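# Remarks on the overall topology
Residues per chain, in single letters:
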Amino acid sequence: LALCIGLLAAHPEISAGAWLPDGVLVVDGPGLRDVPSISTDSAGGAYIGWRHYGSGAGADVYLQRLTAAGNIATGWPIIGLAVCGAAEDQLDHLITPDGSGGIYVAWVDYRDRAINDGDIYLQRVLADGSTAPGWPVNWLAVSALTGLQWFPVLAPDGAGGVFVAWEDWRAGQPSRAVYLQHITSSGLIAAGWPLNGLHVAVAPGQQVFPSIVSDGSGGVFLSWIDTRNGATS
C-alpha cells in the first residue's frame, strides 16, 4: 500500500489510467507463464519479462512494455513480444535498461542441447519493440562454448552497452568459475575483451552464483560464492 500511494503521489496521471488495486493483467491465454522479471523503461513505465510454456516443445522468453498509465505501449503485441523463439528451452532470463529507453534481455539457451548443456544469449530491444539496428537477427551468443553456462546477470555500462556475467562450467563441474563480458550498444564485444569472456577470479575451488552492479564510472562490481578456502565463503 505504501508503494502504491507513493507512486500515485509522484505520478497523479496514473490514477486515471489502467492501474487496478489488485494489479494490472499483463498477459493471459493458453499456456503457462512464470518467472517474471521487471525493469524501468526510463519513461515512467516498465518492461516485464517472463518464461512462457506454450504448445511447442520448450519454453520461450517473452517481453511486454507497459506505460506509466498501466497500458500496453503502442506497437507492442497484446500477448507480448517473443524475444527468442528458437527450438528447445530458453530459461533464466534477466533484463536491464539500455540507457536509451530500450531493454537488454539475457537468457540461458538450450538450442544446442545435443552438444552443449546451455549457452548465454543476449538481445537488445528498443522502446517500440523492434530489435536494435546492427544486432544479429538470431540473437547474440555471449558464451556458446561446450559445457554449461548459466545464471546470467546484467548491468548497464553507462554508455549504452551492457556487462554480462555468468557461472561457467567450461572446465567441468569441479572447476566452476565466474566469467564476465562487455557488449557495446551495437552488439559487439568491447575492444580489448576476450572473445569468450573474462575469467574474473583465477583461484582454487569454485566461484558460483555471481551478482553484479554498475560502479557509476563505466565499470562494474561483482560478487560471488567462493570455495577457495575449502568451504563456502
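Coordinates for the structure precede this section.
A few points on the structure. Treat the numbers as computed from the prediction; the structure is a model and nothing was measured.

## Quick word on the overall build of the protein
Regarding its fold elements, the protein presents 1 helix and 14 strands. Counting only residues that meet the buried cut, the protein has 44% of its 233 residues in that class. Contacts spanning at least 24 positions in sequence make up 43% of the contacts within the protein whose residues lie at least 6 apart. Accessible area for the protein stands at about 11,400 Å²; split by element, carbon and sulfur atoms hold 60% of it.

## Comments concerning the side chain of T96
By the element assignment, T96 lies in strand β5 (residues 90–97). On the basis of relative accessible area, T96 is assigned to the buried category, the value being 8%. With residues up to four places along the chain from it excluded, the contact list for T96 reads S39, I103, Y104, L154, P156 and V162.

## Thoughts on the sheet that holds strand β3 (residues 59–66)
An order of β1-β2-β3-β4 is seen for the 4 strands of this open sheet, with the pairing classed as antiparallel. Looking at strand neighbours, the two that pair on one side only are β1 (32–40) and β4 (81–84), the edges of this open sheet. Between one strand and the next, the sheet's axes are offset by a mean angle of 30°, whatever the strand orientation. Bridge analysis of β3 against β4 gives 3 bridges, and the strand direction is antiparallel. By the bridge assignment, L63 is partnered in β4 with L81.

## Topic: the pattern of salt bridges
A complete count under the given rule lists 6 salt bridges for this structure. Across the salt bridge formed by D226 and R228, the nearest N and O atoms sit 2.8 Å from each other.

## So, a nonpolar patch on the surface
Taken together, the side chains of I72, I78 and I79 define a hydrophobic patch exposed on the protein surface, amounting to about 300 Å² of accessible area. Tracing the sequence through the fold places I72 in the loop between β3 and β4.

## Regarding the side chain of E167
Secondary-structure assignment places E167 in strand β10 (residues 162–168). Take E167: its relative accessible area is 0%, and that puts it in the buried class. In this structure the side chain of E167 is engaged in a polar contact, spanning 2.8 Å, whose partner is the side chain of W169. Among the polar contacts listed, one links the side chain of E167 to the backbone nitrogen of F209, at a separation of 3.2 Å. Residues within four places of E167 in sequence aside, it is in contact with L148, Q149, W150, F151, R176, A177, Q207, V208, F209 and P210.

## Examining the packing of aromatic side chains
Tallied over the entire structure, the rule returns 9 aromatic pairs. Considering the side-chain rings of W50 and Y62, the 6.0 Å spacing of their centres and the 15° angle between planes classify their relative orientation as stacked. Here Y62 lies in strand β3 and W50 lies in strand β2 (residues 46–53), a separation of 12 residues in the sequence. When its relative accessible area of 4% is taken as the criterion, W50 is described as buried.

Cut-offs and rules
- Residues numbered from 1 in each chain as written.
- Predicted model: local features only at pLDDT ≥ 70, side-chain atom pairs only at ≥ 80, totals over all residues.
- Heavy atoms only, no water.
- Helix = DSSP H or I, 4+ residues; strand = E, 2+ residues; numbered from the N terminus.
- Buried < 20%, exposed > 50% of the residue type's maximum accessible area, 1.4 Å probe, protein only.
- Contact = heavy atoms within 4.5 Å.
- Areas by Shrake-Rupley, 256 points an atom, 1.4 Å probe, with all protein chains shown as cover.
- Pairing = 2+ DSSP bridges.
- Axes fitted to C-alpha atoms, helices over the stretch in contact; angles between N-to-C directions.
- Salt bridge = Lys/Arg side-chain N within 4 Å of Asp/Glu carboxyl O.
- Patch = residues over 30% accessible without salt bridge, like charges linked within 9 Å, V, L, I, M, F, W, Y side chains within 5 Å.
- Polar contact = N/O pair within 3.5 Å; in protein donor to acceptor, adjacent residues only side chain to side chain.
- Phe/Tyr/Trp six-rings, centres within 6.5 Å; stacked < 30°, edge-to-face > 60°.

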